[in-house]
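Residue strings, one per chain:
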Amino acid sequence: MSFAPESFKYGPKSTNTDHFRVFSVARDSFGAFIRLETLILWKKMKWSFSLVVATVAIVTVAVDAVENPRIIVVGAGAAGIAAASRLYQKGFKNITILEASQRLGGRIRTTPFGSGIVEIGAQWCHGEQGNVVYQLASVYRGLLKSSIIADEDAVLIRSSGISVPEAVAERLQAMAEGIIESEDRDTYEGSLGDFFTKKYWQALATPAFKDIPRELAEQFLVYYHNYERGYTAYDSWFEVAASETDSYVEPAGNQDIAWNGKKGFSSILDIVSGNFPGTKNTSLTPVPLSKLIAYGKFVSNIRWKGSADGDVIVTAQDGTTYEADNVIVTVSLGVLKENYKTMFTPALPTVNQKAITGLYFGTVNKIFLLFDAPIPEDFPNTVHLLWYKSDLTALRASPYAWAEAVSTFFRIDNQPNVLMAWMNGAEGRRAEYLRDAPIRDGVLHLLKIFAKNMKFGNVTGLLRSKWSSDRLFRGSYSSRSITTETLNTGARQLGTPVRNAANEPVLLFAGEATNPVHYSTVHGALDSGFREANRLIRFYGA
Ligand SMILES: Cc1cc2nc3c(=O)[nH]c(=O)nc-3n(C[C@H](O)[C@H](O)[C@H](O)COP(=O)(O)OP(=O)(O)OC[C@H]3O[C@@H](n4cnc5c(N)ncnc54)[C@H](O)[C@@H]3O)c2cc1C
């Protein structure tokens, strides 16, 4: 969830497979008896392992494993780091995080650009109360600050280059937001697009809006749809049910909070793992992430049932295998959609499968342009684009047709020479396959249309996201479609732990898409990681 719409590498990479391998070797050397004995004892006794120590005192390595169940976290994004950190900080030390890429953070991707950094993924902390990102980061004075986009209202500019008068824009925005938040949605049977369009024209027919010309009303409707597409990452609001099983609960407070400092949003990963410099949050034990994370490990299969001793066997695409007692999967819903049929053996229970197919995973992308001069002073902090039909027709016939996907321009905090374009929908996804030069030219073409009278400097750099074509994400964030409602599924179902024959939670799911109230955000991802860590902490009685 974003809008108001590559990267840090943490220390030396290490493959933290040693304790797993050591445990396997120990088990091989001491034989099946001790293996089974030990396993059964700890599973029965959870963390009361004194008897185990007495029984097989010589098997020190195995006893370590008994004390410390082997937990694998798949994915080192916000959810994975939260889950691993909470477990480690509660005394679980036998943790390995398998991450397919060469960096941590996932959809948090703070990247050096221009004179500072930009956020290719998560950018703003949305809200304060009930937002774990805000709770953790606001402890550090000066780390968070209200974004420049919160300083003034967004400006609607038409393709004539003329802004919609502020008072008119405010009334239209307030009316549109009222429709989106309306309680009638809950009982409406049909798409959000149908619901919104109906209510919108009803409102415009009332005396309060009789001054709004039809042409502006139509332009606003097209823009607002594009804006909503960016906010919730779907291609069309006609794909989305008006009523939703899960609905996002907005944490109260400022929705557009930006980050100070070189690490931007990535700071939250340091904070959660107790590694933030000068930490004041002394209650959090520093987690040695560089030791726990094995990079370059694309998990291709998780055998969660079937091994003789109840182990879960995780296989990475490079052929490495790992044994674990519990696995927490935090890969994106996009990755699950693409791989769930081969990624789990046996197949996942229906409840999880239905959620994977039923929940929606859409794409929004960002383009950053760096100029050799500051963005003109008159250019507002946030600009939404409204098209005259004839201009849109001309754009569609031009080499820049893809640029219809751009809904909004934003200035960037602390970077006066950088402009961000926000791209939505199928056109935005297709644009991922274009080279940088036509993308740059397309954005400049838009600026010529919408900021005709402003003089921009020369472009000296371009950076952009490609969330959909990246096999490690396959999109940006989750939302709810009509299929979600038809299948009567949602985030809770996706997050249902999978249990073995002994009813033990062997396969757990975290990640933003598993959060029923804060999906599509970093705070939702963190909460979900903590939730699954807590589930294991309770299970082991730690
Ligand atoms: C463009 C954009 C803008 C956003 N803006 C905001 C914002 O302003 N505020 C906000 O709160 N949120 C925002 N979000 C959403 C936020 O970034 C995500 O909700 C959150 O970061 C998701 O974290 P996660 O841990 O659930 O998943 P991810 O970050 O996707 O982490 C999953 C990890 O698993 C790894 N992985 C994938 N497949 C495998 C595999 N097979 N084996 C091993 N590892 C694998 C991935 O490389 C990744 O590191 C935005 C997202 C995008 C894309």
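Residues numbered from 1 in each chain as written. Predicted model: local features only at pLDDT ≥ 70, side-chain atom pairs only at ≥ 80, totals over all residues.

Asks: Before we go on, may I ask you to explain the pairing of strand β18 (residues 415-424) in this structure?
Replies: The side chains of a regular strand alternate between both faces of the sheet. Burial within β18 is extensive, with 8 of its 10 residues counted as buried. As judged from the 6 bridges shared by strand β17 (residues 406-412) and β18, these two strands associate in the antiparallel manner. Looking at β18, one finds that V406 is bridged to M423. The antiparallel pairing of β17 with β18 creates a hairpin that spans 2 residues between the two strands, and N414 there sits at a positive phi of about 65°. (Buried ≥ 20, exposed ≤ 12 C-beta atoms within 10 Å, placed from the backbone. Helix = DSSP H or I, 4+ residues; strand = E, 2+ residues; numbered from the N terminus. Pairing = 2+ DSSP bridges.)

Asks: Explain the sheet that holds strand β1 (residues 71-74) here, please?
Replies: Two strands in a sheet stick together by hydrogen bonds in their backbones, pointing the same way (parallel) or opposite ways (antiparallel). On the basis of which strands lie adjacent, the open sheet formed by 6 strands has the order β8-β2-β1-β12-β22-β21 and mixed pairing. The open sheet terminates on both sides in strands that have one partner only, identified here as β8 (293-295) and β21 (498-499). Sheet topology note: the β1/strand β12 (residues 326-329) ladder contains 4 bridges and is parallel. Counted as the bridge partner of I72 is V327 from β12. Contacting β1, β2 (95-99) and β12, helix α4 (residues 78-89) runs over the sheet at an angle of about 170° to β2. Across the face of the sheet, helix α18 (residues 522-539) comes into contact with β1, β12 and β22 (505-509) while running at roughly 165° to β22. (Contact = placed C-beta atoms within 7 Å. Axes fitted to C-alpha atoms, helices over the stretch in contact; angles between N-to-C directions.)

Asks: Could you clarify how one ought to interpret the nonpolar core in this entry?
Replies: Soluble, globular proteins show a tendency: their nonpolar side chains are buried together. Ranked by internal contacts, the top residues of the largest apolar core, which has 140 residues, are A84, V327, M420 and L526. For this core, the element with the most residues is α4, which contributes 8 residues. The residues that make up this core include at least three from each of domain 1 (71-145 + 254-360 + 488-540) and domain 2 (166-239). Sequence-distant contacts of M420, that is, excluding residues within four places in its chain, are made with K366, I367, F368, F409, F410 and I412. (Core = buried A, V, L, I, M, F, W, Y, C linked by C-beta atoms within 7 Å. Domains from an automatic or database assignment.)

Asks: Is there a simple way to think about the sheet that holds strand β9 (residues 299-303) in this case?
Replies: Pairing within the open sheet is mixed, and its 4 strands lie in the order β11-β10-β9-β13. At either margin of the open sheet sits one strand with a lone partner, and together these are β11 (321-324) and β13 (344-345). When strand β10 (residues 312-316) meets β11, the two strands line up antiparallel, connected through 4 bridges. The partner of V312 across the bridge, within β11, is A324. Running over the sheet, helix α11 (residues 333-343) touches β9 and β13 and is turned about 45° from β9.

Asks: What exactly am I supposed to notice about unusual backbone geometry here?
Replies: Generally, phi is negative for residues other than glycine and the peptide bonds are trans, each holding for most cases. Omega for the bond connecting T345 with P346 falls within 30 degrees of zero, at -5°, which places this linkage in the cis form. With respect to the secondary-structure elements, P346 resides in the loop between β13 and α12 (350-358). Look at N488: it is not a glycine, yet its phi comes out positive at around 55°. Turning to its location among the elements, N488 is positioned in the loop between α16 (482-486) and α17 (491-494). Even without being a glycine, S520 presents a positive backbone phi close to 75°.

Asks: What am I meant to see in the environment of R70 here?
Replies: Among the secondary structure elements, R70 is positioned in the loop between α3 (60-67) and β1. Residue R70 is classed as buried on the basis of its 21 C-beta neighbours within 10 Å. Taking the C-alpha atoms as reference, R70 lies 5.2 Å from D325; in sequence the two are 255 residues apart.

Asks: Hey, could you run me through the environment of P497 in this one?
Replies: With respect to the secondary-structure elements, P497 resides in the loop between α17 and β21. Setting aside anything within four residues of it in sequence, one finds P497 in contact with P505, L507, L508 and R535.

Asks: Help me understand the environment of N131, please; the structure alone is not making it clear to me.
Replies: Relative to the helices and strands, N131 is located in the loop between β4 (116-119) and α5 (132-137). For N131, a count of 27 C-beta atoms within 10 Å puts it in the buried group. When the C-alpha atoms of N131 and P251 are compared, they prove to be 5.9 Å apart, with 120 residues separating the residues in sequence. N131 has contacts with C125, H126, P251 and H523, leaving out every residue within four places of it along the chain.

Nothing here speaks to function; it is all geometry.
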